[in-house]
Each structure stands twice: as C-alpha cells, then as structure tokens.
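Survey of secondary and tertiary structure
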Amino acid sequence: MKYKTTDEWNNFSFTDAYVGDIQATSGFFHMELDNVKILSENSCNRDIRKMRTNGLVLKLEDYKILSFIKEGYKLYDANGKPMKVVEDTVIEEKDYNSGLKELVEGVIYTLEKAEDTYIFSIDAVNERTYELKVQASHDVEEWERFFNLES
C-alpha cells in the first residue's frame, strides 16, 4: 500500500463506508472499506480539503471482540400500533465468524472510539443493524490513492 497511518482513525470519516471484507483470525482483525473520507487533518493528506478513497484496509492490532450485537427493532402498523418487537440478540463468541460475514457488503453507520475500544454500527444487507465493539492497542489504515469528493 502506498499510504499508511497509525492511530489516526479520527482523521477519517468512516460514515457511509462500504464493507468489502472482514477478517478476524488469531492475531489480526482487518476490514477492507470503500468510500472512506480522508479528512484534511490526516498526516498523509497533502491537500487542504476532504478527500476519499476506496480499498482502504483498516487493521486493529492486538484485538479482542468485546461484544457483538444484532440490534432489535419494533414494527408498527399504519395506525402506529405495535405489531412486533424483536429484542437485541447477543452473538456468541462461537458464532463471531458467521456473524462477521453478515456485515460484508454492509455500510458503516458510525465508528467511534472510547479509550481502546472501537465501536462500529453497521447496517448489513439483511436489513439489520449490528453493533460491534473491538478492543485493540492500535489502528492502522492503509490505502493506495486519494480521490476527489464529488460535489
């Protein structure tokens, strides 16, 4: 990869990023993302404006998945009367790999960080939202090129 940053997740905007792939194996966690915005504060951004990229690889080093939740929902009829309530579902550790596959081709709604924990909210193609909390010592972002943002 041509460009690389470490611990600069906050110099990107991952909102509306498309999830192309997720790999979580012993030792590494990485996501391949398209439509990531590179903010002007990013150390590799020599422009003074927001740019974007495709094919960005987000790596979380020394990771541990703290929680993985398929968020619930409420369904109402046309009169606003509740018809169905689906509670949040906690995905068990043994099912993490199959759960992560559900996120491929989804879109990141938000990515926040609290201390050493990265909190992803991802809208999956199965029309469900997932919250994934991953603890990691560092984040590394790698990508090939900058693109202009369309107006």
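Only a predicted model underlies this, so the values are computations on that prediction, with no experimental measurement involved. (Residues numbered from 1 in each chain as written. Predicted model: local features only at pLDDT ≥ 70, side-chain atom pairs only at ≥ 80, totals over all residues. Heavy atoms only, no water.)

1. Overview of the sheet that holds strand 2 (residues 12-13)
- As summarised here, the arrangement of the 3 strands in space is 2-5-6, forming an open sheet in which the pairing is antiparallel. Here the strands that pair on one side only, and so sit at the sheet edges, are strand 2 and strand 6 (51-53).
- In the sheet, strand 5 (residues 36-38) pairs with strand 6 via 3 bridges, with the strands oriented antiparallel. Within the sheet, the bridge partner assigned to Ile-38 lies in strand 6 and is Met-51. (Pairing = 2+ DSSP bridges. Helix = DSSP H or I, 4+ residues; strand = E, 2+ residues; numbered from the N terminus.)

2. A word on the pairing of strand 1 (residues 3-6)
- Residues of strand 1 alternate between two faces, with Tyr-3 and Thr-5 buried on one and Lys-4 and Thr-6 left unburied on the opposite face.
- Direction of pairing for strand 1 relative to strand 15 (residues 138-143): antiparallel, over a ladder of 4 bridges. Paired with Tyr-3 across the strands is Trp-143, a residue of strand 15. (Buried < 20%, exposed > 50% of the residue type's maximum accessible area, 1.4 Å probe, protein only.)

3. A short note on the nonpolar core
- Phe-14, Met-31, Leu-33, Ile-108 and Phe-120 are the most contacted members of the largest nonpolar core, which has 35 residues in total.
- Among all residues touching Phe-14, those that are not within four sequence positions of it are Trp-9, Leu-33, Val-36, Leu-56, Leu-58, Ile-108 and Leu-111. (Core = buried A, V, L, I, M, F, W, Y, C linked by side-chain atoms within 4.5 Å. Contact = heavy atoms within 4.5 Å.)

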